[in-house]
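Tertiary structure, described
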Amino acid sequence: MNWATIGTIYAKELRDTLRDRRTLISTIVIPTVIMPALVLGVGKVTTAIVSKAKVEVPRVMVIGGADSPGVRAELEKSGRFRVETATVDWKALISDKKVRAAVEIPAGFEKALDTGSAPAITLYDYQNELKSGLAVERLRDFFTGLRDRTTARLLAERGLPASLARPFAVAQQNVVPQEKVGGNLFGGIVPYFIIILCLMGAMYPAMDLTAGEKERGTLETLLCSPASRTEIVLGKFLMVLTGSLAAVMFSLISLGGTLLVVRASLSQGPAAAALGPNTPTIDPLGIVGVLAMVLPVAVLFSACVFAISLLAKSLKEAQSYLTPLAFVAIIPCMVGLLPGIELGTGLALVPIANVSLVCKEMLSGVWHWGYIALIFGSTAVYAAAALALATALFRREGVIFRT
Amino acid sequence: MVEATLLTKVFHDGTKGEIRGADAVSFRVEAGRIYGLLGANGAGKTTTLRLLATLLKPTSGTAVVAGHDIVREPGKVRANVGFLAASTALYARLTAREVIAYFGRLNGLDGAPLRARIAALADELEMHDFLDRRCEKLSTGMKQKTSIARTIVHDPQVMIFDEPTLGLDVMTARTIIGFVRECRARGKTVIYSTHVMGEAEKLCDVVGVIHGGALRAEGTVAELKAMTGESDLEECFIRIVAPGVPR
């Protein structure tokens, strides 16, 4: 095997790929744009939608409560609701999003307040609907306030202190460093995107360098040269790996930049006051760990997509083979997103899922060196096997000359 | 020199079963001669030439190309062969110069000798006007010149042409034919496959008629005509590959 020949093939493939707009989009543009788009774009859109929903004064209906005019008057006076008397079709109106919520005030409610034995108020909503949820939240807030004021008044009437209703408070405080909090928060999603981008970055160069070359007739031209099949595979494979790693690098650089922008915007104004020192961060060492673990994954993906693309005789056929692979890869990736799944010896041997989980741990500042070694080693073995398969396939005449 | 000995290639097809792409093909071509492989589509021309260029491995038999055995020393064979076929395309996103340089490097050339070789080829083939233009922007004629330069950048002893004029217009085809004659004049061993009788008649010193993967007859055009008693090469070809077909 001649490394100079492999270098020559790699250099040519790199030059060729850098002139291919479609590959540049999948390896550089999408990875660079997707992170800011997700973090800033989706975040901004969500904030805008929620803010708009919060500004709206919700239309709510009151069921019953004819003998409790004071409560209804207070509801109207609060200015937080557009109060209407319930019609017979109030459920349908909530379902059609014409009315956000309804409140049922039982008979004799106001009178019973004075004795401290009022029956339950029932709130009706459209479950998991944003504006309905906000309306119900306001209603709950209103009635909780009414309950607190009633309690205070009843206690005062009996000459008792208001603190009697709440003899002690319950406080909650985080004791874990913010790196761990951030790791736990982002630890699932960051490796998920990195692993997916790792695959995406490898896909187009792999298709172009194998099936694409078969389709264009340039593979036969290359096979006429003195370069051996192994040298050709390795030269091309290195280019596919470069595509995969480039996608990861560009996405990480872009993510870093995006987080800096987010951090800068959070360090000013009301957001900074609200968060104080409690801004979740990511351990930089964790990022280094993720990059190290991604290397064998990139080799594994590159070799797999290279081998699969080799079987196709055209770009279109290669695309139809690789699209299902993307779904197959996403499933183990999602293990890291699921709450409560802990890394064990069995899971440490499941490709992709193991990397997803260990990356989540590393980003949280947890370093299980035994598992890290096992996962790195097993992924490297899978990657080597996939590369050996790709090389074996490239030697098969039926695969190379399939037209 | 090229010498094929009982060169055989068997393909296995799921529906058609065993296909003999090349069936005990034996022939010998000396330096400075053009050997024509004449056959219809699917006769086994491409398979035979791919075996000689080591793109395929023979099922049995072998060949010696420029002093190297195709089974034992495939890399050395390829280093001494220039293979030009209708199916060997150019890299669209590279310039003509980059394509020639790439194949020069794969053949061990580099630096000043490679630059000098590219300049010499550009002079010879009149390529200077488009040498730095991407192949996707070249006309068919320019592409053919680039392909020729790519094929001979390493100055191979043996030239293999697999239906190189297929689908080309008359003017571009003439460039190729002229180049094939030039190769003979320079003392190279040339193997030329075609299904065009006129090309075989004009170019080849010896013609091998191939059909069903096997070499059915061999000789100069005059010898083949004498053998079949026909004055027209096309009729002669039909008599050899399908003796039962009426005139």
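What counts, and at which threshold
Residues numbered from 1 in each chain as written. Chains lettered and ligands numbered in written order. Predicted model: local features only at pLDDT ≥ 70, side-chain atom pairs only at ≥ 80, totals over all residues. Heavy atoms only, no water. Helix = DSSP H or I, 4+ residues; strand = E, 2+ residues; numbered from the N terminus. Rg over C-alpha atoms; globule rule 2.2 N^0.38 Å. Buried < 20%, exposed > 50% of the residue type's maximum accessible area, 1.4 Å probe, protein only. Contact = heavy atoms within 4.5 Å. Areas by Shrake-Rupley, 256 points an atom, 1.4 Å probe, with all protein chains shown as cover. Lys, Arg positive; Asp, Glu negative; His and termini not counted. Charge placed at Lys NZ, Arg CZ, Asp CG, Glu CD. 1 Å grid on protein atoms, 1.4 Å probe; cavity = no way out; pocket = protein on both sides within 12 Å on 5 of 7 lines; lining within 4 Å. Points joined across faces, edges and corners; volume = space filled by probe spheres on them. Nonpolar A, V, L, I, M, F, W, Y, C, P; charged D, E, K, R; others polar. Domains from an automatic or database assignment. Buried area = accessible area lost by both parts, 1.4 Å probe. Salt bridge = Lys/Arg side-chain N within 4 Å of Asp/Glu carboxyl O. Polar contact = N/O pair within 3.5 Å; in protein donor to acceptor, adjacent residues only side chain to side chain. Axes fitted to C-alpha atoms, helices over the stretch in contact; angles between N-to-C directions. Parallel < 35°, antiparallel > 145°, perpendicular 65-115°, else oblique. Left-handed = near helix turned anticlockwise from the far one by under 90°. Pairing = 2+ DSSP bridges. Phe/Tyr/Trp six-rings, centres within 6.5 Å; stacked < 30°, edge-to-face > 60°. Lys NZ or Arg CZ within 6 Å of the ring centre and 35° of its normal. Core = buried A, V, L, I, M, F, W, Y, C linked by side-chain atoms within 4.5 Å.

Moving on to the overall build of chain B. Within chain B one finds nine helices and ten strands. Relative to the globule expectation of 18 Å for 247 residues, the C-alpha radius of gyration of chain B, 18 Å, shows essentially globular dimensions. The buried share of chain B, reckoned over its 247 residues, is 52%. Contacts spanning at least 24 positions in sequence make up 64% of the contacts within chain B whose residues lie at least 6 apart. For chain B, the accessible surface area stands at approximately 10,600 Å², while carbon and sulfur atoms represent 50% of it. Computed over 32 positive and 29 negative side-chain charges, the inter-centroid distance for chain B is 4 Å.

Time to look at empty space enclosed by the protein. Overall, the coordinates contain three cavities of 30 Å³ or more when judged by the stated rule. Quantified by volume, the largest cavity comes out at close to 70 Å³. As for the largest cavity, its lining consists of Thr221(A), Cys224(A), Ser225(A), Pro226(A), Val81(B), Gly82(B), Phe83(B), Phe103(B), Asn107(B), Arg150(B), Thr151(B) and His154(B). Counting residues per element, the ones that place at least two in the lining of the largest cavity are β6 (81-85) and α5 (140-152) of chain B. It is β6(B) that contributes the most residues to the lining of the largest cavity, three residues altogether. The class makeup of the residues in the lining of the largest cavity is five nonpolar, six polar and one charged.

With that settled, the discussion passes to the domain arrangement of chain A. Structurally, chain A comprises domain 1 (56-165) and domain 2 (177-400). The gap between the C-alpha centroids of domain 1 of chain A and domain 2 of chain A is 53 Å.

At the junction of the two partners, chain A supplies 25 residues and chain B supplies 26 residues. Of the roughly 2,500 Å² buried where chain A meets chain B, counting both sides, 55% is carbon and sulfur surface. Of the charged contacts, one joins Arg93(B) and Asp20(A) as a salt bridge, the two residues approaching to 3.6 Å between their closest N and O atoms. The tally of links from chain A across to chain B stands at 14 residue pairs in polar contact (both at pLDDT 80 or more). Put simply, the parts of the chain that give the side of chain A that touches chain B at least two residues each are α1 (3-18), α8 (189-216) and α9 (218-223) of chain A. Per-element tally for the side of chain A that touches chain B: the top contributor is α1(A), with six residues.

Among the structural elements, Asp16(A) can be located in helix α1. Apart from residues no more than four positions distant in its own chain, Asp16(A) is found in contact with Tyr91(B), Arg93(B) and Leu94(B).

With that settled, the discussion passes to the environment of Arg19(A). Along the polypeptide, Arg19(A) turns up in the loop between α1 and α2 (21-55). Judged by relative accessible area, Arg19(A) falls into the partly exposed class, the value being 26%.

Residue and element names in this part refer to chain A. Packing of α8 against helix α12 (residues 284-311) brings their axes to within 8 Å, and their N-to-C directions diverge by 30°. Relative to α12, the element α8 lies roughly parallel. When you trace α8 past α12, the crossing you get is right-handed. For the pair α8 and α12, the contacting residues are Ile194, Ile195, Cys198, Leu199, Ala202, Met203, Ala206, Met207, Thr210, Ala211 and Lys214 in the first and Val290, Val294, Val297, Ala298, Phe301, Ser302, Val305, Phe306, Ser309, Leu310 and Leu311 in the second.

Our next topic: the sheet that holds strand β3 (residues 101-105) of chain A. Residue and element names in this part refer to chain A. Read from one edge to the other, the open sheet built from four strands follows the order β2-β1-β3-β4, with strand pairing classed as mixed. Whereas interior strands pair on both sides, the edge strands pair on one side only; in this sheet they are β2 (82-85) and β4 (122-124). With strand direction ignored, the average angle separating the axes of adjacent strands in the sheet is 25°. Two strands pair when backbone bridges link them, and β3 and β4 are joined in this way by three bridges, in the antiparallel orientation. Note that in β4 the partner of Glu104 across the bridge is Thr122. Each of β1 (59-64), β2 and β3 is contacted by helix α3 (residues 69-77), which is oriented at about 145° to β2, the strand it contacts most.

All names here are of chain B. Taken in spatial order, the six strands make up an open sheet running β6-β7-β8-β3-β9-β10, and their pairing is mixed. The two strands at the open ends of the sheet, each matched to only one other strand, are β6 and β10 (214-219). Strand-to-strand twist across the sheet, computed as the mean angle between neighbouring axes with direction ignored, equals 15°. Bridging between strand β7 (residues 158-162) and strand β8 (residues 189-194) involves five bridges; their strand directions are parallel. Paired with Met159 across the two strands is Val190, which belongs to β8. With respect to the sheet, helix α8 (residues 221-228) is in contact with β9 (206-211) and β10, its orientation differing from that of β10 by roughly 105°.

Scanning the model with the defined rule gives eleven aromatic pairs over all chains in all. Arranged with centres 5.0 Å apart and planes meeting at 90°, the rings of Phe142(A) and Phe143(A) form a pair that is edge-to-face. In this structure Phe143(A) comes out as buried when scored by relative accessible area, which is 10%. Over the ring of Tyr91(B) we find Lys12(A), and its NZ or CZ is 3.5 Å from the ring centre. One residue, Arg150(B), lies across the ring of Phe103(B), its end atom 5.5 Å from the ring centre.

The biggest cluster of nonpolar side chains holds 156 residues, and the ones touching the most others in it are Val305(A), Leu52(B), Val65(B), Phe83(B), Met127(B) and Phe161(B). Ranked by residue count, the leading element in this core is α8(A), at 16 residues. Look past the residues within four positions of Leu52(B) in its chain and what remains in contact with it is Val2(B), Ala4(B), Leu7(B), Phe27(B), Ala63(B), Val65(B), Ile70(B), Val77(B), Ile160(B) and Ile191(B). Formed by 17 residues, the second largest nonpolar core is a distinct cluster that contains Val71(A), Leu75(A), Val83(A) and Phe142(A).

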